[in-house]
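Here is how the chains run, residue by residue.
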Amino acid sequence: MATNFFWQGLLAYFIWPGLLCAALLGWLFLWLARKLIARMQRRFGPPFYQPFFDFVKLLGKRSLVPAGMSPVLYYGLPLVAVISIGLALALLPLPGNGMRPFAGDLILVLYLMEMPAFCDILAGFASRSIYGQVGSSREAALMLGYSLPFLASVIALAIKAGSFRLEDVIAQPFGLVHVLAIIAFVLAVPARLKSNPFSIPNAEQEIVAGAHVEYNGPALALFELAHGLELVAVSLLFGLLFVPVLHNPLAALAAYLAAALVLVVVTSLVAAATARLQIHRAFRFYWTWGAVAALACIVVAVL
Amino acid sequence: MGIFSKIMQLSRRKSPWVYVLNAGSCNGCDIEIGACLSPRYDLEQIGALRQGSPKHADILLITGPLTLRSAEAVRSIYAQIPEPKAVVAVGSCPATGNVFAGSPTVEDGVLHAIPVDVFVPGCPPRPQAILAGVLEAARLLAEGKTRTGAKLKESPHGN
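Residues numbered from 1 in each chain as written. Chains lettered and ligands numbered in written order. Predicted model: local features only at pLDDT ≥ 70, side-chain atom pairs only at ≥ 80, totals over all residues.

Draft legend 1. Fine view of the overall build of chain A. Each helix and strand in chain A was counted, giving twelve helices and zero strands. Order of helices (α) and strands (β) in chain A, N terminus to C terminus: α-α-α-α-α-α-α-α-α-α-α-α. Against the globule reference of 19 Å for 303 residues, chain A gives a C-alpha radius of gyration of 19 Å, in line with a compact fold. Reported as C-alpha extents along the three principal axes, the dimensions of chain A are approximately 55 × 50 × 40 Å. Looking at chain A as a whole, 49% of its 303 residues qualify as buried. (Helix = DSSP H or I, 4+ residues; strand = E, 2+ residues; numbered from the N terminus. Rg over C-alpha atoms; globule rule 2.2 N^0.38 Å. Buried ≥ 20, exposed ≤ 12 C-beta atoms within 10 Å, placed from the backbone.)

Draft legend 2. Main features of the overall build of chain B. Within chain B one finds five helices and four strands. In chain B, the succession of α and β elements from N to C terminus is α-β-α-β-α-β-α-β-α. Computed over its C-alpha atoms, the radius of gyration of chain B comes to 15 Å, within 12% of the 15 Å expected for a compact globule of 159 residues. Burial analysis of chain B (159 residues in total) assigns 50% to the buried set. At a minimum sequence separation of 6, the contacts of chain B that also span at least 24 residues come to 84%. (Contact = placed C-beta atoms within 7 Å.)

Draft legend 3. Geometry of the environment of B:I7. The residue B:I7 is located in helix α1 (residues 3-14) in this model. On a C-alpha basis, the gap between B:I7 and B:Q51 in space is 23 Å, while along the polypeptide they are 44 residues apart.

Draft legend 4. Inspection of the pairing of strand β3 (residues 86-90) of chain B at higher detail. Residue and element names in this part refer to chain B. A large share of β3 lies buried, amounting to five of its five residues. Because side chains alternate across β3, one face comprises the buried residues A86, V88 and V90, and the other comprises V87 and A89, equally buried. Where strand β2 (residues 59-63) lies against β3, four bridges are found, and the strand directions are parallel. Residue pairing for β3: L60 is matched across the bridge by V87. Note on the crossover from β2 through helix α3 (residues 71-80) to β3: the handedness is right-handed. Here β3 pairs with strand β4 (residues 118-120) via three bridges, running parallel. Bridging from a neighbouring strand, V88 pairs with V118 of β4. (Pairing = 2+ DSSP bridges. Right-handed = clockwise from strand over helix to strand, strands pointing away.)

Draft legend 5. Representation of the nonpolar core in the model. If you look at the biggest cluster of nonpolar residues, it comprises 91 residues, and the most contacted ones within it are A:I85, A:A184, A:L229, A:A233 and A:C297. Ranked by the residues each element gives to this core, the list is headed by helix α10 (residues 217-242) of chain A, at 18 residues. Within the second largest apolar cluster, 44 residues are counted, among which are B:A23, B:L66, B:A89 and B:V116. (Core = buried A, V, L, I, M, F, W, Y, C linked by C-beta atoms within 7 Å.)

Draft legend 6. Broad picture of unusual backbone geometry. Along the chain, A:W16 connects to A:P17 via a cis peptide bond; the corresponding omega equals 0°. Among the secondary structure elements, A:P17 is positioned in the loop between α1 (2-14) and α2 (19-40). Omega for the peptide link from B:C123 to B:P124 comes to -5°, which places this bond in the cis form. For B:P124, the position within the fold is in the loop between β4 and α5 (127-143). Although it is not a glycine, B:N98 adopts a positive phi angle of roughly 50°.

Draft legend 7. Expanded view of the environment of B:I59. All names here are of chain B. Mapped onto the secondary structure, I59 falls in strand β2. In this structure I59 comes out as buried when scored by C-beta crowding, with 26 C-beta atoms within 10 Å. Considered as a pair, I59 and W17 are 42 residues apart in the sequence and their alpha carbons are 6.2 Å apart.

Draft legend 8. Spatial organisation of the packing of helix α4 (residues 71-91) of chain A against helix α5 (residues 105-126) of chain A. Residues and elements named next belong to chain A. Look at α4 against α5: their axes get within 8 Å of each other, and the N-to-C directions meet at 165°. Our classification of the angle between α4 and α5 gives roughly antiparallel. Read as a crossing pair, α4 and α5 show a hand that is left-handed. Where α4 abuts α5, its residues L73, L77, P78, V80, A81, S84, I85, L87, A88 and L91 lie against D105, L108, V109, L112, M113, M115, P116, C119, L122, A123 and A126. Of the residues in the contact of α4 with α5, the class split is 19 nonpolar, one polar and one charged. (Axes fitted to C-alpha atoms, helices over the stretch in contact; angles between N-to-C directions. Parallel < 35°, antiparallel > 145°, perpendicular 65-115°, else oblique. Left-handed = near helix turned anticlockwise from the far one by under 90°. Nonpolar A, V, L, I, M, F, W, Y, C, P; charged D, E, K, R; others polar.)

Draft legend 9. Spatial organisation of α10(A). Helix length check: α10(A) (26 residues) gives 38 Å between terminal C-alpha atoms against 38 Å at 1.5 Å per residue, within 8%. Among the 26 residues that make up α10(A), 25 are buried, leaving the element largely enclosed by the rest of the structure. (Expected span 1.5 Å × (residues − 1).)

Draft legend 10. Examining the interface of chain B and chain A more closely. Between chain B and chain A, the residue contacts involve 18 residues of the former and 25 residues of the latter. Residue classes in the side of chain B that touches chain A are distributed as five nonpolar, seven polar and six charged.

Draft legend 11. Geometry of the sheet that holds strand β1 (residues 18-22) of chain B. All names here are of chain B. On the basis of which strands lie adjacent, the open sheet formed by four strands has the order β1-β2-β3-β4 and parallel pairing. At either margin of the open sheet sits one strand with a lone partner, and together these are β1 and β4. Mean inter-strand twist for the sheet, computed between neighbouring axes without regard to direction, equals 20°.

Draft legend 12. Region of interest: the confidence of the model for chain A. Averaged over all residues, the pLDDT of chain A equals 88, while 99% of them reach at least 70. Within chain A, no element has a lower average pLDDT than helix α9 (residues 204-207) of chain A, which sits at 75, and none a higher one than helix α3 (residues 50-59) of chain A, at 92. (pLDDT = per-residue confidence, 0-100.)

Draft legend 13. Fine view of α1(B). When the terminal C-alpha atoms of α1(B) are compared, their 16 Å separation across twelve residues agrees well with the 16 Å that a helix rising 1.5 Å per residue should span. Here α1(B) has its buried residues at B:S11, B:R12, B:R13 and B:K14. Each element contacted by the buried residues of α1(B) is listed here: α3 of chain A together with α5 of chain B.

Draft legend 14. Representation of the pairing of β2(B) in the model. Residues and elements named next belong to chain B. Burial analysis of β2 places five of its five residues in the buried class, the great majority of the element. Because side chains alternate across β2, one face comprises the buried residues I59, L61 and T63, and the other comprises L60 and I62, equally buried. With five bridges joining them, β1 and β2 adopt parallel strand pairing. Its bridge partner lying in β2, V20 is registered against L61. Once the chain exits β1 it traverses helix α2 (residues 28-37) before rejoining the sheet at β2, and the crossover so formed is left-handed.

Listed below in structure tokens is the structure:
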């Protein structure tokens with residue numbers, strides 16, 4: 001029994017819904033976002049295998065560790081980002097996932113999903129580049145902003161369900177609290193994924209590449225992979241939380257993937273149609289409209 | 001040749017990220033590179049992205065006749081690009097100094113500062129030619145035939 005659980009855990013972590021399938025899905029989503037933005041700018045855009053080739057090419061480059069930065073930190077931070085987002089993916093109760101749910105797994109998933117952003121911030125500060133430090137401080141400020149509606153939308157659903165078990169949260173019937181939680185969740189997504197109106201931490205025209213400016217080769221490849229996995233984790237969590245329960249596992253899987261796809265398309269449309277905000281405007285946006293959305297869904301959930 | 005090195009070769013050819021460096025150019029070539037990235041010529045369709053940090057780049061697009069003041073920066077930025085890397089000299093200036101040749105303030109091209117792999121002649125070259133230059137450099141990257149570490153020409157100013 002124990003060994004069975006062990007193998008199921010490994011399968012969930014490395015194959016489905018963990019690293020392998022999520023990486024393929026993440027590359028597909030990243031390509032879709034780039035292609036959609038290119039098409040909306042009347043460009044041709046990259047071919048669908050582009051993110052995969054970018055990743056492999058970066059793996060094959062020689063690494064330059066910046067002077068004054070410990071190699072343990074340099075390689076460790078992107079590795080921790082990939083490992084923790086992989087764990088978050090393995091805990092998602094998608095059809096076909098052998099992991100048994102436990103009380104409080106939603107809290108663990110939320111915590112693990114914050115890790116890539118946290119590693120980004122540490123990497124920027126540790127890289128001893130002025131651009132990296134500016135990017136990190138922007139990302140830290142933005143995190144305080146988007147966490148409010150993001151966490152509120154998930155917590156509102158948990159309050160309504162009366163449990164922090166992801167399975168119970170998913171199983172409840174669709175209601176008013178779901179509609180309000182969708183609004184809060186979607187408000188937080190562009191900043192979470194650092195896409196256009198909130199691409200403040202990695203603003204390439206201002207601060208080169210933000211926290212990743214000193215990163216190159218395999219370490220940068222891992223950060224790019226973590227970003228792709230984060231995109232998958234956020235969009236699949238969106239599908240899980242807001243798609244009404246379907247009892248046929250194949251239909252449920254298709255519905256979750258469709259919801260994830262819709263979220264990626266909407267985020268790309270918003271990214272192509274908007275220009276970058278200043279950090280204080282983004283922060284004000286989240287602490288007014290984000291706070292209103294957060295308050296609304298929490299209040300409806302409690303009542 | 002194993003399957004892994006085949007995939008690596010293919011990825012190097014399909015994903016050439018460029019870093020644009022102006023070594024005292026008149027901006028004519030930089031405008032053509034801008035056109036190359038814009039919707040009509042769209043460098044991204046061959047997988048190329050313009051990067052702001054030399055540490056993320058594979059290909060250095062260099063313009064200008066290398067003014068004395070920019071020489072040190074050019075060497076430093078070239079050293080910061082992780083290997084394998086290629087250099088595309090855009091326009092006639094980096095090749096020969098063009099109309100600035102013989103001036104006491106320029107070094108008559110970049111050839112003695114960094115090893116150039118592909119020349120794209122023209123004053124300025126057309127965006128199609130720059131696109132072809134990037135593709136050629138990507139092919140050299142994939143085949144491992146770049147001139148990284150090659151012996152450099154002697155400087156006209158002795159530095």
